[in-house]
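# Secondary and tertiary structure notes
Chain by chain, the residues:
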Amino acid sequence: MPGPVFLEGDRVTLRPADRDDADFLRRNSNDPRVRAGRTDVYPTGEDDVDLYLGGTMGRNDQSVGLLACVDERPVGYVLVNREHMGDTEYDRGELAYWVAPDEQGHGYATEASRVLLEHCFDRLGLHKVIARAFESNRGSQRVIEKLGFTREGTFRDEAFLGGEWEDYYRYGLLESEWRNGRES
């Protein structure tokens, strides 16, 4: 039985993951098609999945991570990480997400991210959210750009993927830009 809904979008609901979701999280976060767009280089194990359970994560529970569901069925995961130096002091976080391979291409990452960003700016009082995407991950870049982020820079040859060095793009979205984008 799925846990209680924490945030709602038009098609996607976000809820804390629980122990019943561990297999979905482990299976999909280890899937090469999901892992290719992420910075994880090691397999997700039992202890790693525990970090995704409960809705908050990290050293001080300032990071929010939620299961994205459609019709109560998990389709992905979305989080705003606040674990980098200065994140809590400067009201900043980093958006990250993934969608199960069979569920990609339906706009779930965009909607889940939009719902979580609204929560972060409206309820948590964040000033800025950043996001990153590999140069080859055009799908993730489109999601980030649809949400109104601005590309702020390029980390050249940042990761060694598939036998080649690849650039990593960093994007930023200010709270004022989020509000202006929603009003237009």
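So, here is what we can say about the structure in this document.

What counts, and at which threshold
Residues numbered from 1 in each chain as written. Predicted model: local features only at pLDDT ≥ 70, side-chain atom pairs only at ≥ 80, totals over all residues. Heavy atoms only, no water. Helix = DSSP H or I, 4+ residues; strand = E, 2+ residues; numbered from the N terminus. Buried < 20%, exposed > 50% of the residue type's maximum accessible area, 1.4 Å probe, protein only. Contact = heavy atoms within 4.5 Å. Areas by Shrake-Rupley, 256 points an atom, 1.4 Å probe, with all protein chains shown as cover. Lys, Arg positive; Asp, Glu negative; His and termini not counted. Charge placed at Lys NZ, Arg CZ, Asp CG, Glu CD. Phe/Tyr/Trp six-rings, centres within 6.5 Å; stacked < 30°, edge-to-face > 60°. Arc of directions from axis to C-beta. Core = buried A, V, L, I, M, F, W, Y, C linked by side-chain atoms within 4.5 Å. Pairing = 2+ DSSP bridges. Disulfide = S-S within 2.5 Å.

It is worth spelling out the overall build of the chain at this point. Summing up its helical and strand segments, the chain has six helices and nine strands in all. Projected onto its principal axes, the C-alpha positions of the chain cover 40 × 40 × 35 Å. The proportion of buried residues among the 184 residues of the chain is 45%. A fraction of 59% describes how many contacts in the chain between residues 6 or more apart in sequence connect residues 24 or more apart. When the accessible surface of the chain is summed, it comes to about 10100 Å², and 46% of that surface belongs to carbon and sulfur atoms. Charge separation in the chain, taken as the distance between the mean sites of 24 positive and 36 negative side-chain charges, equals 3 Å.

A word on the packing of aromatic side chains. This structure, assessed with the given rule, holds five aromatic pairs. Arranged with centres 6.5 Å apart and planes meeting at 25 degrees, the rings of tyrosine 77 and tryptophan 98 form a pair that is stacked. One end of the pair, tyrosine 77, is in strand 5 (residues 73–81); the other, tryptophan 98, is in strand 6 (residues 92–99), and 21 residues separate them in sequence. The class for tyrosine 77 is buried, based on a relative accessible area of 2%.

Every buried residue of helix 5 (residues 138–146) is accounted for by Ser140, Gln141, Val143 and Ile144. Down the axis of helix 5, the sector holding all buried residues measures 160 degrees, keeping them to one side. Where helix 5 is buried, its residues contact strand 6, helix 4 (108–122), strand 7 (128–134) and strand 9 (164–174).

Looking now at the nonpolar core. Proteins that are soluble and globular tend to have nonpolar side chains buried together. Counting residues in each nonpolar core, the largest one holds 33 residues, and the members touching the most others are Leu14, Leu95, Leu116, Leu117 and Phe149. At the level of elements, strand 4 (63–70), strand 5, strand 6, helix 4, strand 7, helix 5 and strand 9 are the ones that each hand at least two residues to this core. Top contributing element to this core by residue count: helix 4, with eight residues. Excluding its chain neighbours within four sequence positions, the residues that come into contact with leucine 117 are Leu95, Val129, Leu147, Phe149, Leu173 and Trp178. Counting 14 residues, the second largest nonpolar core, distinct from the first, contains Ala17, Leu25, Tyr77 and Trp98.

Here proline 74 is to be found in strand 5. Each C-alpha atom of the pair proline 74 and aspartate 21 lies 8.1 Å from the other, and the pair is 53 residues apart in sequence. Setting aside residues up to four positions removed in sequence, proline 74 forms contacts with Asp21, Phe24, Leu67, Ala68 and Cys69.

Note: strand 7 against strand 9, seven bridges, orientation antiparallel. Following the sheet pairing, alanine 131 is matched in strand 9 by tyrosine 171. With eight bridges joining them, strand 8 (residues 150–161) and strand 9 adopt antiparallel strand pairing. The residue bridging phenylalanine 160 from the neighbouring strand is tryptophan 165, located in strand 9.

It is worth spelling out the state of the cysteines at this point. A full pass over the atoms with the stated rule returns zero disulfides. Free of any disulfide, cysteine 69 has its nearest neighbouring cysteine sulfur in cysteine 120, separated by 18 Å.

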